[in-house]
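Here is how the chains run, residue by residue.
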Amino acid sequence: MTSICIVGAQWGDEGKGKVVDLLAERADAVIRFQGGNNAGHTIVREGEEAWKLHLIPSGILYPGKLCMIGNGVVVDPAVLISEMDGLRARGVDMSGLRVSANAHLIMPYHLLLDTAGEARLGDQQIGTTRRGIGPCYADKAGRLGIRMQDLLDEKILRTKITAAMEPKRLLLRPYAKDPTLDLHAMVEQYVTYGHRLEQYIADTARMVWDLLDDDRQVIFEGAQGALLDIDHGTYPFVTSSNPIAGAACIGAGVGPKDINEVWGITKAYTTRVGSGPFPTEIEGPLGEELRASGGEYGTTTGRARRIGWLDLVALRYAARINGLTALAVTKLDVLSGQQTLSVCTSYVGSEGARFDHFPYHQSVLHHARGEYVELPGWSQDISDCRREEDLPPAARDYLAFLADGIGVPIVLIGVGPGREQVIWCDQAASASS
Ligand code: GDP
Ligand code: IMO
Ligand code: MG
């Protein structure tokens, strides 16, 4: 059975949640492998209020589906519990949920450090989601992290929290009186979380091995996107994990050969939340128009997303660093009504140099602007199209140009937010079986 890794091919919010939900119906399990509740994955089902998931994998809406939070994810237990409660209140069965005993925990001091770090950067700030993600991964690398399994032993928990908080005393001085930093209250609070979560804590890597050994289908669910990758993205304007496919091995505990396909999700245009370079950004009324028609406001923070044209330079790069085997193109419907569509095929630097490849140098990238090919748009509403043949010829040409420009076939096209508003392409038949 084919195991598929789903990753964002841009700066996040490409529609990963929707695609994972679609694939999860037939899959045996879904595992999230990195990031934390900086993610916001939306699933829209007919007649239901939109589902917004931050930590829980996007397969949870299928009763009993095994949905794992892998060791590579950073978990804010308060957020996890409230997300579970919220889903349960809407009738969702939580019996398939599991959390890796090795997943690291976001602590109250991580939240404060995230905010303090941004304040210190002033106008250089990254525009983080302020969910404590960066400081938590920093403690993980510094071997001061608190893990899910530590919740189950009060003595160990207290020792570890003491050790982790001590070196931060200086940085946390402005928060000295913050009630969340009281050691005893914090230990008590986290022990309570442990009681609530105990039945879900598991050896998720072993569970995935057993499934793969049994030839079952596992979906590896990424968060964020390639250009937010801490190694390969637009550093330092990135997140603190690796949202690319290679990280699925580490964050779930499998080898590269255990993943058969890597699907990159891309919008038919580009968006970015937070600061940092964005070579194809559209300023002015057109950007506003697309933001309004695409509903481009962050799922997690509600911030307005920056809007840009489709960027083939960045997508070719994303294809390479992920080893993409297929593309899912979402939000094609949002482009309906535009007379012409610009597609970026190269960048031009501040001194006129042309770049066909994504520039590695930060100073080059910050000044790079897209060079475009103009393609004809279409005026029809395409949200009811369910076969490629139903799409207007200009939309099909646009997609063909995209696939050719990246060198990766398209398996799925999104024509609206609803789970039924998709077109499965011919290549998909073999890929998802
Ligand atoms: P994720 O973080 O990658 O899961 O993406 P988000 O959920 O943050 O953002 C994607 C947004 O686009 C959500 O509001 C989805 O409901 C919506 N969406 C997904 N696919 C489509 C599509 O094909 N057309 C339209 N109009 N909206 C879509
Ligand atoms: P999903 O999974 C879009 C961005 C933030 C900020 C940068 C660092 O929904 O696609 P962080 O809080 O991670 O330290 O912030 O990364 N960011 C996202 N942008 N979608 C996301 O997740 C994001 N997660 C983080 O806006 O620029
Ligand atoms: Mg999102």
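Residues numbered from 1 in each chain as written. Chains lettered and ligands numbered in written order. Predicted model: local features only at pLDDT ≥ 70, side-chain atom pairs only at ≥ 80, totals over all residues. Heavy atoms only, no water.

1. Quick word on the coordination of the magnesium ion (ligand 3)
Going by this rule: The rule for donors is simple: N, O or S, within 2.8 Å of the metal, or within 3.2 Å if the metal is Na, K or Ca. Water isn't counted, so a site may look like it is missing partners. Each helix is a run of DSSP H or I of at least 4 residues and each strand a run of E of at least 2, with the numbering of both proceeding from the N terminus. Remark: exposure states derive from per-residue accessible area (1.4 Å probe, protein chains only) relative to the maximum for the residue type, with buried under 20%, exposed over 50%, and partly exposed in between.
Protein-derived ligands of the magnesium ion (ligand 3) are Asp13 (OD) and Gly40 (O), with the metal-ligand distances lying across 2.0 to 2.2 Å. Highlighted residues: Asp13 in the loop between β1 (4-8) and α1 (16-24) and Gly40 in the loop between β2 (29-32) and β3 (41-43), separated in sequence by 27 residues. The buried category is assigned to Gly40, whose relative accessible area is 11%.

2. Focus on the site of ligand 1
Convention followed: Here a residue is considered near a molecule or strand provided that any single heavy atom belonging to it is located within 4 Å of it. Polar contact criterion, stated in full: a pair of N or O atoms within 3.5 Å, where within protein one must be able to donate a hydrogen and the other to accept it, and residues adjacent in sequence count only if both atoms are side-chain atoms. Reported accessibility uses the Shrake-Rupley method at a 1.4 Å probe radius. Residues are deemed covered only where the shown protein chains occlude them.
Residues in close proximity to ligand 1 total 20 residues, the closest being Gly15, Lys16, Gly40, Thr42 and Asp333. Between ligand 1 and Arg305 there is a distance of 3.3 Å, counted from an oxygen atom to a side-chain nitrogen or oxygen. Within the backbone of Val415, a nitrogen or oxygen atom sits 3.4 Å from an oxygen atom of ligand 1. Computed on the free molecule, ligand 1 has an accessible area of 580 Å², of which 92% lies beneath the protein chains in the complex. Elements with a minimum of two residues in the shell around ligand 1: α1 and β3.

3. Examining the site of ligand 2
We count it as follows: In this classification, the charged set is Asp, Glu, Lys and Arg, the nonpolar set is Ala, Val, Leu, Ile, Met, Phe, Trp, Tyr, Cys and Pro, and all remaining amino acids, among them Gly, are polar. What marks off one domain from the next here is an automatic or database domain assignment.
Every one of the 20 residues lining ligand 2 counts as a neighbour, but Asp13, Lys16, His41, Thr129 and Thr239 are closest to it. One nitrogen or oxygen atom from the main chain of Val273 is found 3.1 Å from an oxygen atom belonging to ligand 2. Contact with the protein chains covers 98% of the free accessible surface of ligand 2, which is 550 Å². Taken together, the residues of the shell around ligand 2 sort by class into 7 nonpolar, 10 polar and 3 charged. Two domains each provide a minimum of three residues to the shell around ligand 2, namely domain 1 (4-91 + 203-432) and domain 2 (104-199).

4. What to know about the pairing of strand β7 (residues 97-100)
Short version of the rule: When DSSP locates at least two bridges between a pair of strands, those strands are taken to pair.
Strand direction decides the pairing type here: strand β5 (residues 66-69) and β7, joined by 3 bridges, are parallel. Within β7, the residue paired with Met68 across the bridge is Arg98. Two elements, β7 and strand β9 (residues 201-202), share 2 bridges in a ladder whose sense is parallel. Across the sheet, Val99 pairs through a bridge with Ile201, a residue of β9.

5. Description of unusual backbone geometry
Of note, the bond from Tyr235 into Pro236 is cis; its omega dihedral lies within 30 degrees of zero at 5°. Here Pro236 lies in the loop between β10 (218-221) and α8 (246-252). In this structure, Arg143 takes a positive phi of about 60° despite not being glycine. For Arg143, a relative accessible area of 75% translates into the label exposed. Located in the positive-phi region is Gln224, a residue other than glycine, with phi close to 55°.

6. Quick notes on the nonpolar core
Note the following rule: Definition used in this section: a nonpolar core is a set of buried Ala, Val, Leu, Ile, Met, Phe, Trp, Tyr and Cys residues joined via side-chain atoms within 4.5 Å. Residue contacts are defined here by distance: any two heavy atoms, one from each residue, within 4.5 Å place the two residues in contact.
In terms of nonpolar packing, the biggest core is built from 71 residues, with Phe220, Leu332, Leu391 and Tyr398 touching the most fellow members. Sorting elements by how many residues they give to this core places helix α12 (residues 393-406) first, with 7 residues. Those residues in contact with Tyr398 that lie beyond four places of it in its chain are Ala268, Leu310, Leu332, Leu335, Leu341, Val343, Leu375 and Trp378. Counting residues in each nonpolar core, the second largest holds 61 residues, with Ile69, Ile81, Val191 and Ala328 among its members.

7. Description of the environment of Lys257
With respect to the helices and strands, Lys257 occurs in the loop between α8 and β11 (261-267). Note: C-alpha distance between Lys257 and Ser3 (254 residues apart in sequence) is 10.0 Å.

8. So, the pattern of salt bridges
For the record, the criterion: We define a salt bridge as a contact between a side-chain nitrogen of Lys or Arg and a carboxyl oxygen of Asp or Glu at a distance within 4 Å.
Following the criterion strictly, the structure yields 20 salt bridges and no others. In this structure, Arg419 engages Glu25 in a salt bridge whose closest nitrogen and oxygen atoms are separated by 3.3 Å. A residue pair is termed long-range when its members are at least 10 positions apart, and Arg419 in the loop between β19 (410-414) and β20 (422-424) and Glu25 in the loop between α1 and β2 qualify at 394 residues. Using a relative accessible area of 47% as the deciding quantity, one classes Glu25 as partly exposed. Put simply, Lys331 and Glu296 hold a salt bridge, and the shortest N to O gap is 2.9 Å.

9. Looking at the packing of aromatic side chains
Defined as follows: Note on aromatic contacts: the rings of Phe and Tyr and the six-membered ring of Trp form a pair at centre separations within 6.5 Å, being stacked when their planes are under 30 degrees apart, edge-to-face when over 60 apart, and tilted otherwise.
One pass over the structure, following the stated rule, counts 6 aromatic pairs. When the ring of Tyr190 is compared with that of Tyr193, the centres are 4.9 Å apart and the planes differ by 75°; the resulting orientation is edge-to-face. Of this pair, Tyr190 and Tyr193 are both found in helix α6 (residues 183-197), 3 residues apart, which corresponds to roughly one turn of the helix. Summarising the aromatic geometry, the rings of Tyr347 and Phe358 are spaced 6.1 Å apart at their centres and angled 65° between planes, so their arrangement reads as edge-to-face. Of this pair, Tyr347 sits in strand β16 (residues 340-348) while Phe358 is found in the loop between β17 (354-355) and α11 (362-367), placing the two residues 11 residues apart along the sequence. Taking the relative accessible area as the measure of exposure, Tyr347 reaches 0% and is therefore buried.

10. Section: the environment of Asp93
Mapping Asp93 onto the fold places it in the loop between α2 (77-89) and β7. Assessed through its relative accessible area of 31%, Asp93 is described here as partly exposed. Separated by 269 residues in the primary sequence, Asp93 and Gln362 place their C-alpha atoms 46 Å from one another. Setting aside residues up to four positions removed in sequence, Asp93 forms contacts with Ile60, Pro63 and Gly64. Here Gly64 takes part through its backbone nitrogen, which lies 2.9 Å from a polar atom of the side chain of Asp93.

11. A word on the domain arrangement of the protein
A common way to report how large an interface is uses the accessible area buried once the components associate. Heads up, the rule is: When two parts are put together, the accessible area they lose, computed with a 1.4 Å probe and summed over both, is reported as buried area.
Entries for the protein in the domain assignment read domain 1 (4-91 + 203-432) and domain 2 (104-199). When each unit is reduced to the centre of its C-alpha atoms, the spacing between domain 1 and domain 2 is 29 Å. Contacts between the two partners involve 29 residues from domain 1, matched on the other side by 21 residues from domain 2. Taken together, both faces of the contact between domain 1 and domain 2 bury some 1900 Å²; the carbon and sulfur share is 60%. Area buried by domain 1 at its contact with domain 2 is led by Val74, Pro77 and Ile81, which between them contribute 27% of it. One can count 1 salt bridge joining domain 1 with domain 2. Residue Arg196 is joined to Asp85 by a salt bridge in which the shortest nitrogen-to-oxygen separation is 2.8 Å. Run the count over domain 1 and domain 2 and you get 9 residue pairs in polar contact (both at pLDDT 80 or more). Of all the secondary structure elements, the ones that give two or more residues to the side of domain 1 that touches domain 2 are β6 (74-75) and α2. The leading source of residues in the side of domain 1 that touches domain 2 is α2, at 7 residues. Residues that form the side of domain 1 that touches domain 2 fall into these classes: 11 nonpolar, 14 polar and 4 charged.

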